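Here's the letter readout for the chains.
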Amino acid sequence: MSHKQEYNITAYTENQVGLLNRLAIIFSRRKINIESLNTSPSEIEGIHRFNIVVHESEEVVRKIARQMEKQVEVLKVYFNPNEEVIWQEMALYKVPTDVIAERALVERLLREHGARAVVIRKDYTVFETTGHREETDKLLTVLHPYGLIEFVRSARIAIIKDSQGFHHKLREFEHQQPGEDVSENEFLDRRDKVFSM
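Cut-offs and rules
Residues numbered from 1 in each chain as written. Predicted model: local features only at pLDDT ≥ 70, side-chain atom pairs only at ≥ 80, totals over all residues. Heavy atoms only, no water. Helix = DSSP H or I, 4+ residues; strand = E, 2+ residues; numbered from the N terminus. Contact = heavy atoms within 4.5 Å. Axes fitted to C-alpha atoms, helices over the stretch in contact; angles between N-to-C directions. Parallel < 35°, antiparallel > 145°, perpendicular 65-115°, else oblique. Left-handed = near helix turned anticlockwise from the far one by under 90°. Nonpolar A, V, L, I, M, F, W, Y, C, P; charged D, E, K, R; others polar. Salt bridge = Lys/Arg side-chain N within 4 Å of Asp/Glu carboxyl O. Buried < 20%, exposed > 50% of the residue type's maximum accessible area, 1.4 Å probe, protein only. Polar contact = N/O pair within 3.5 Å; in protein donor to acceptor, adjacent residues only side chain to side chain.

(A) Highlighting the overall build of the protein chain. Looking only at helices and strands, the protein chain features seven helices and nine strands. By sequence separation, contacts in the protein chain at least 24 residues apart represent 77% of the contacts at least 6 residues apart.

This is the structure we're talking about:
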């Protein structure tokens, strides 16, 4: 059996109510845990981009991607291991302000971890840092002894290193000149082949 690793699934979709629900069913049916899910606008107006992180084998991820593409509103799905994407996660940490004020050590630790204060109140201070999970986890461990009140981490956002973007793919598709005796519905049942990268 092929080994499991983190995969970043990138899906370009037309924004549709209920799509998230149907995508979630694809994962729950296979008993696959979604580690992280983010949805945002993409580089193309009106098209949304889902970024889903799972810890699975390539074979399983390939099947999921295929099933996701069967959804009418899903235009294209890519999947990449971590080394093929540039990714970041943001984290917020709330700590008691008196601890921060009293201990220069904490400030030094925050500087070392590239954190910055986003809110400073009498009772608490909120710090923000961005990076890979190991980096945000390291600061979490460091802040625990100082009475960490709250911690939250965002879903991952990722950009594919070698992709020219879906825009490029769409334009390529639109510019393909059909041959002389090709019916105009030639691509209708072959969307997966037309959009494959």
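(B) Fine view of unusual backbone geometry. A positive phi angle is found at Lys31, which is not glycine, with a value near 55°. By the secondary structure assignment, Lys31 is in the loop between helix H1 (19-29) and strand E2 (34-41).

(C) Main features of the packing of H1 against helix H2 (residues 58-69). Closest axis-to-axis distance for the H1/H2 pair is 10 Å, and the angle between their directions is 150°. For the element pair H1 / H2, the angle class is roughly antiparallel. Every pair of crossing elements has a handedness; the one defined by H1 and H2 is right-handed. In contact with Leu23, Ile26 and Phe27 of H1, H2 contributes Ile64, Gln67 and Met68. Residue composition of the contact of H1 with H2, by class: five nonpolar, one polar and no charged.

(D) Just the pattern of salt bridges, in detail. Using the criterion set out here, one finds 15 salt bridges in the structure. A salt bridge links Glu73 to Arg22; the shortest N-O distance between them is 2.7 Å. Of this pair, Glu73 sits in the loop between H2 and strand E4 (74-81) while Arg22 sits in helix H1; the two residues are 51 residues apart in sequence, bridging distant segments of the chain. Residue class for Glu73 comes out buried when judged on its relative accessible area of 10%. Each member of the salt-bridge network shares a partner with another, and the members are Glu6, Glu89, Arg133 and Arg156.

(E) How the structure looks around the environment of Asn82. Here Asn82 is to be found in the loop between E4 and strand E5 (85-96). Taking the C-alpha atoms as reference, Asn82 lies 9.1 Å from Ala158; in sequence the two are 76 residues apart. A polar contact of 2.8 Å, which involves the side chain of Asn82, links it to the side chain of Glu6. One polar contact links Asn82 to Arg156, side chain to side chain, over a distance of 2.9 Å.

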